[in-house]
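Residue-level structure breakdown
Each chain, written out:
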Amino acid sequence: MVDNIQIRSAVASIIQAIGEDPEREGLVGTPERVASMYAELFMGVDKDPREELTVGFEAGHREMVVLKDIPFYSMCEHHLLPFYGVAHVGYVPGDDGRVVGVSKLARVVEIVARRPQLQERMTTQIADAIVDGLDPAGVAVVIQAEHLCMIMRGIEKPGSNVITSALRGLFQRKPASRAEFFSLINASRS
Ligand code: ZN
């Protein structure tokens, strides 16, 4: 739970510190708006993504499952500006053949995204949550994102993507599994 009152006073201080008038009509409600928005944007701070994976079902499925283009919005922890894009998540079920609904994987991505984040750490946290929660034979996560802190300051042009990946188990050991995952996530992409 974020501290609504503390955010409100901090945002009011920032408005004042940049030389603006916190009482001005357009700004007077801003601390309150930012506080309630942060409650949403940072709802993943005190949540454990592994809890989303406890309700699985034994499908006896032993082949790769890939969910691609999961949209996400996160906040860069260095600048508190958004970075956003898509996550691709693949796994091969473990010996028990246990799988989870695709919405659960999307929920794991959302929880991990809604924290002050680094793209690299977000990628590993998703992979590790699935390893811990599902005990699969392997997990692969790829994230493509644009960072407003880079684009707005002119460090990078809009449209330039940062790509990160995390591979666990089978995907580390078997080049064929890795190749299958990457060909699936690149399918129908020009
Ligand atoms: Zn940044």
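Below you will find a few notes about this structure. All values derive from a computational prediction rather than experimental measurement.

About the thresholds
Residues numbered from 1 in each chain as written. Predicted model: local features only at pLDDT ≥ 70, side-chain atom pairs only at ≥ 80, totals over all residues. Heavy atoms only, no water. Helix = DSSP H or I, 4+ residues; strand = E, 2+ residues; numbered from the N terminus. Expected span 1.5 Å × (residues − 1). Contact = heavy atoms within 4.5 Å. Polar contact = N/O pair within 3.5 Å; in protein donor to acceptor, adjacent residues only side chain to side chain. Buried < 20%, exposed > 50% of the residue type's maximum accessible area, 1.4 Å probe, protein only. Arc of directions from axis to C-beta. Donors = N, O, S within 2.8 Å, 3.2 Å for Na, K, Ca; no water.

1. A word on helix 1 (residues 4–17)
Structurally, the α-helix is built with 3.6 residues per turn, so residues lying three or four positions apart point the same way. Look at helix 1: 20 Å from first C-alpha to last across 14 residues, which is about the 20 Å you get at 1.5 Å a residue. On its buried face, helix 1 is in contact with helix 2 (30–41). Between the side-chain oxygen at the start of helix 1 and the backbone nitrogen of isoleucine 5 there is a gap of 3.2 Å, and the oxygen is on aspartate 3.

2. Thoughts on helix 2
With twelve residues, helix 2 ought to run about 16 Å at 1.5 Å a step, and its terminal C-alpha atoms sit 16 Å apart, in line with that. Within the sequence span of helix 2, burial applies to Thr30, Pro31, Val34, Ala35 and Tyr38. The buried residues of helix 2 all sit within an arc of 135 degrees when viewed along its axis, so they share a single face. At its buried positions, helix 2 is contacted by helix 1 and strand 2 (65–76).

3. Some thoughts on the coordination of the zinc ion
Around the zinc ion, the donor atoms from the protein are Cys76 (SG), His79 (ND1) and Cys149 (SG), and they sit 2.1 to 2.3 Å away. Mapping the donors of the zinc ion onto the primary sequence yields the spacing C-x2-H-x69-C. Residue cysteine 76 is located in strand 2, and its partner cysteine 149 is located in helix 5 (residues 148–151); the two are separated by 73 residues in the primary sequence. Judged by its relative accessible area of 5%, cysteine 76 falls in the buried class. The buried category is assigned to cysteine 149, whose relative accessible area is 5%.

These figures capture arrangement, not role.
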